[in-house]
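Each chain, written out:
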Amino acid sequence: MSAPMSIPDLWTKLKERSASAGEKTQLEYHPDLYHGDLAAVQGDMQPTGEFNVLNSAYASGADPSGLTASDEAFAACLVAAKAAGGKMRVPAGTYLLTDRYVHDGSVQLVGDGMGVTTIKMQTGASADSVIHVGVTDSSDTQTSYAGICNLTIDANSAASYALFQWNACDLVVSNVQVKNATSHGINSDSHTGLETSLCERNTYINIRSSGNGGDGFVLGAQREASLIDIRCTNCTGNGLAITPYIEGSSPSLHAVAVYHTVNVFRAIGCGGDGLVLDTVQRCSFEGITTDQCGGVGLRVKTTGPDDAVAIGSNSFTMTNAWFRWSDGGGLVMDEGTYWANAELTNVIIMGEPGGPDDVPGMVFRGATYLQFTNTEIFAVSSTAITIQDGTPLGVAGESRDLSFTNTRLLQNGSAGSATKHGISIQDASFDIAFNRLDLANAQTTGSFFEIDVGANALDMHFTDVQATPNGGVNNLWQIGSGAEDEISVCNIRLGSNTYIPTVASASSITVPPCDGFVFLTGTTNIDFITPMRNGTKLTFLTQSGLTFNHNASGDGKILHTTGAVAVAANRTLTADCRGTAWYSER
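Residues numbered from 1 in each chain as written. Predicted model: local features only at pLDDT ≥ 70, side-chain atom pairs only at ≥ 80, totals over all residues. Heavy atoms only, no water.

1. Here's the deal with the overall build of the protein chain
Right, on to step 1. Per the secondary structure count, the protein chain includes 3 helices and 51 strands.
Right, on to step 2. Scored against the burial criterion, the 586 residues of the protein chain give a buried share of 55%.
Right, on to step 3. Taking as baseline every contact in the protein chain between residues at least 6 positions apart, the subset at least 24 positions apart corresponds to 72%.
Right, on to step 4. Of the roughly 21,100 Å² of accessible surface on the protein chain, a fraction of 47% belongs to carbon and sulfur atoms. (Helix = DSSP H or I, 4+ residues; strand = E, 2+ residues; numbered from the N terminus. Buried < 20%, exposed > 50% of the residue type's maximum accessible area, 1.4 Å probe, protein only. Contact = heavy atoms within 4.5 Å. Areas by Shrake-Rupley, 256 points an atom, 1.4 Å probe, with all protein chains shown as cover.)

2. Let's talk about the nonpolar core
Right, on to step 1. Counting residues in each nonpolar core, the largest one holds 103 residues, and the members touching the most others are Met-318, Phe-364 and Ile-385.
Right, on to step 2. The leading source of residues in this core is helix 3 (residues 71-84), at 5 residues.
Right, on to step 3. Filtering out sequence-adjacent residues up to four positions away, Met-318 remains in contact with Leu-275, Leu-277, Phe-285, Ile-288, Leu-298, Phe-323, Glu-343, Leu-344 and Thr-345. (Core = buried A, V, L, I, M, F, W, Y, C linked by side-chain atoms within 4.5 Å.)

3. Some points on the environment of Gln-292
Right, on to step 1. As for its position among the elements, Gln-292 is in the loop between strand 26 (280-291) and strand 27 (296-301).
Right, on to step 2. What makes Gln-292 partly exposed here is its relative accessible area of 41%.
Right, on to step 3. A C-alpha to C-alpha distance of 8.4 Å links Gln-292 and Ala-267, two positions 25 residues apart in sequence.
Right, on to step 4. Setting aside residues no more than four positions away along its own chain, Gln-292 makes contact with Gly-269, Cys-270, Arg-324 and Trp-325.

4. Considering the packing of aromatic side chains
Right, on to step 1. This model, assessed by the stated rule, comprises 10 aromatic pairs.
Right, on to step 2. Geometrically, the ring pair formed by Phe-404 and Phe-434 is stacked, given 4.5 Å between the ring centres and 5 degrees between the ring planes. With Phe-404 in strand 35 (residues 400-410) and Phe-434 in strand 37 (residues 430-440), this pair connects stretches of sequence that are 30 residues apart. The burial state of Phe-404 is the same as that of Phe-434; both residues are buried. (Phe/Tyr/Trp six-rings, centres within 6.5 Å; stacked < 30°, edge-to-face > 60°.)

5. Let's talk about the confidence of the model for the protein chain
Right, on to step 1. Averaged over every residue, the pLDDT of the protein chain is 77; residues scoring 70 or more account for 65%.
Right, on to step 2. Contacts from residues 20-47, a stretch scored under 50 in pLDDT, to residues over four places away or in other chains number 78 contacts.
Right, on to step 3. Per-residue pLDDT stays below 50 along residues 192-196; that stretch engages in 13 contacts with residues further than four places along the chain or on separate chains. (pLDDT = per-residue confidence, 0-100.)

6. A word on unusual backbone geometry
Right, on to step 1. We note that Ala-59 has phi near 50 degrees; this positive angle belongs to a residue other than glycine.
Right, on to step 2. Along the polypeptide, Ala-59 turns up in the loop between strand 1 (50-52) and strand 2 (65-69).
Right, on to step 3. According to the relative accessible area criterion, Ala-59 is partly exposed, its value standing at 36%.
Right, on to step 4. Positioned with a positive phi, Asn-150 is a non-glycine residue whose angle comes to about 60 degrees.
Right, on to step 5. Here Asn-150 shows up in strand 10 (residues 147-154).

7. So, the state of the cysteines
Right, on to step 1. Here the structure, examined in full by the defined rule, presents 0 disulfides.
Right, on to step 2. The cysteine Cys-270 is free of any disulfide, with Cys-235 supplying the nearest cysteine sulfur at 4.7 Å. (Disulfide = S-S within 2.5 Å.)

8. Overview of the environment of Ser-447
Right, on to step 1. Its place among the elements puts Ser-447 in the loop between strand 37 and strand 38 (451-453).
Right, on to step 2. When the C-alpha atoms of Ser-447 and Asn-475 are compared, they prove to be 8.3 Å apart, with 28 residues separating the residues in sequence.

9. Here's the deal with helix 3
Right, on to step 1. Taking 1.5 Å of rise per residue, 14 residues should cover 20 Å, and helix 3 covers 21 Å from first to last C-alpha, within 8% of that figure.
Right, on to step 2. All buried positions along helix 3 are accounted for by Ala-73, Phe-74, Cys-77, Leu-78 and Ala-81. Taken down its axis, helix 3 places every buried residue within 130 degrees of arc, on the same side. The outward face of helix 3, more than 90 degrees from its buried face, is lined by the exposed residues Glu-72, Val-79 and Ala-83.
Right, on to step 3. The inward-facing, buried residues of helix 3 contact strand 1, strand 3 (87-90), strand 4 (93-97), strand 5 (101-103), strand 6 (108-111) and strand 7 (117-121). (Expected span 1.5 Å × (residues − 1). Arc of directions from axis to C-beta.)

10. Examining the environment of Thr-290
Right, on to step 1. If you trace the backbone, Thr-290 turns up in strand 26.
Right, on to step 2. Accessibility expressed as a relative area gives 0% for Thr-290, which makes it buried.
Right, on to step 3. For the pair Thr-290 and Gly-269, spaced 21 residues apart in the sequence, the C-alpha separation amounts to 8.4 Å.
Right, on to step 4. Not counting residues within four places of it along the chain, the set of residues in contact with Thr-290 comprises Ala-267, Gly-274, Leu-275, Gly-297, Trp-322, Phe-323, Arg-324 and Ser-326.

11. Regarding the pattern of salt bridges
Right, on to step 1. One pass over the structure, following the stated rule, counts 16 salt bridges.
Right, on to step 2. Across the pair Glu-200 and Arg-223 runs a salt bridge whose closest N-O atoms are separated by 3.6 Å. Of the two residues, Glu-200 sits in strand 15 (residues 199-200) while Arg-223 sits in strand 18 (residues 222-223), which places them 23 residues apart along the sequence. Like Arg-223, Glu-200 is buried.
Right, on to step 3. The salt bridge partner of Arg-208 is Asp-229, with a shortest N-O separation of 3.4 Å. Pair noted here: Arg-208 is in strand 16 (residues 203-210) and Asp-229 is in strand 19 (residues 226-233), with a separation of 21 residues, a long-range link.
Right, on to step 4. Look at the salt bridges and you will find they share partners, linking Asp-170, Glu-200, Arg-201, Arg-223 and Glu-224 into a network. (Salt bridge = Lys/Arg side-chain N within 4 Å of Asp/Glu carboxyl O.)

12. So, the pairing of strand 14 (residues 186-189)
For a regular strand, the rule is simple: side chains alternate between the two faces of the sheet.
Right, on to step 1. Bridge count between strand 11 (residues 159-166) and strand 14: 4 bridges; the pairing is parallel. Bridged to Phe-164 within strand 14 is Asn-187.
Right, on to step 2. Taken together, the 2 bridges between strand 14 and strand 17 (residues 217-220) define a ladder with parallel strand orientation. Paired with Asn-187 across the strands is Val-218, a residue of strand 17. (Pairing = 2+ DSSP bridges.)

13. Structural notes on the side chain of Asn-238
Right, on to step 1. Here Asn-238 lies in the loop between strand 19 and strand 20 (240-243).
Right, on to step 2. Residue class for Asn-238 comes out buried when judged on its relative accessible area of 17%.
Right, on to step 3. Among all residues touching Asn-238, those that are not within four sequence positions of it are Gly-214, Asp-215, Gly-216, Cys-270, Gly-272, Asp-273 and Val-276.

Listed below in structure tokens is the structure:
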């Protein structure tokens with residue numbers, strides 16, 4: 001057997017395998033990566049001996065058959081291991097408990113493998129947890145350097161949590177399954193909001209949480225936690241919820257979740273949201289998948305006092321995320337959220353064919369300073385991206401400074417009675433930018449627009465836009481009254497039967513700018529482009545022959561001429577806006 005790997009080496013190995021795997025989140029535990037000797041991972045402790053719970057010296061020894069209770073044997077073995085700085089060995093078998101087992105001190109609890117060694121709560125018991133790690137009283141100090149690995153914890157519907165952690169630091173939990181809790185599979189908490197009493201520097205590797213009545217994993221009141229290869233399946237609540245500690249109304253007692261790293265996480269079939277980020281800061285996430293959850297794939301929100309706006313959800317990165325078949329939408333930033341300085345790269349949201357009606361892709365309410373790079377949303381039944389104002393932490397605020405680069409919105413808006421669009425920018429949102437935008441949505445009704453900008457939206461910028469009709473007429477955009485002078489669109493590529501644009505009022509709009517190009521593909525008849533600001537020029541570049549229709553009365557048709565204008569393939573036509581109509585030299 002080779003030597004156990006260090007945490008940095010383990011991270012490197014996991015990332016390499018994640019990058020090369022066909023499906024990134026299918027990463028499984030392998031003994032060659034980690035052998036269960038937690039001392040090698042923690043580094044700060046070297047156990048001097050091994051203490052086997054079967055030893056008859058410990059209350060006649062534990063019963064691996066699961067027929068009689070092993071509470072006393074576990075407690076006695078812990079006392080011996082703690083005194084010697086050793087580790088507790090729990091060989092293969094099922095061990096029955098009648099009440100929670102409290103594991104503390106710098107002691108490792110080591111089984112023979114997930115599904116091989118099982119610690120199970122007795123049927124009919126009513127315990128708060130199967131295993132409790134850390135302090136048991138608010139007057140106690142933190143406990144450090146404990147470890148749990150290579151076993152299954154079965155709450156057997158007789159304990160609130162399979163594993164509960166309270167003020168435990170430098171804990172390592174590895175190759176552990178938690179299941180059948182009446183509430184959360186794993187839950188952590190702190191008895192005070194002071195930073196010195198938080199759960200810190202804990203590591204969780206290869207965790208499987210299934211069939212729990214609450215969330216699969218609640219990472220609460222912690223900082224600097226590392227989660228590697230976590231899977232939550234068929235839990236009634238959320239998959240993984242990262243939450244702060246809150247006490248009273250003063251921000252000084254509001255400890256945000258900071259410095260966490262999550263690498264390879266998957267939530268499957270959970271009844272709530274797949275991943276919940278509640279008041280997180282300076283955290284990083286990589287390799288995230290949520291699949292067939294009853295809520296939202298990713299929900300970001302802030303919980304805290306109304307005067308604590310500055311400590312809202314912000315400063316995190318997420319790379320390589322896939323949110324699939326979520327009944328509540330792919331990504332939602334809740335009302336009451338303050339979200340700033342977040343960067344998300346390589347995000348895919350996939351709707352469920354034949355799934356619920358009116359399911360959105362992304363919804364932002366009062367969002368600020370977000371950067372999305374390489375985003376694809378397809379087959380959601382409602383609007384792909386909705387941006388609107390909100391009331392972050394009780395304070396009214398706009399969605400602003402959002403940037404999207406390389407965005408594809410395909411086949412969205414196919415089901416339900418609600419009004420839907422490709423992109424809907426509502427209310428007092430401002431400074432929203434899309435660069436390299438590909439639109440090919442369902443267009444099931446005439447009221448569907450690829451881009452819908454509501455009244456009073458300011459500073460909207462769209463650059464390098466490609467619109468391809470998907471089974472019908474493509475209505476490119478709709479501009480609400482009050483927003484017309486704040487829209488910039490440049491470099492548009494349009495397929496056949498594309499109509500650009502319509503506006504809600506008779507006001508002029510400033511799109512495209514004078515150096516804008518509209519690239520036209522297919523044999524297209526250009527029927528209607530709303531007049532823009534006087535003096536605006538549009539240069540059309542054709543891929544194949546097309547016809548510009550005309551209207552002598554100048555009521556908004558494309559050209560104010562005496563007849564239609566035909567343009568050959570690979571040629572250009574420049575039109576000038578003069579008042580209420582377009583004019584061309586041809």
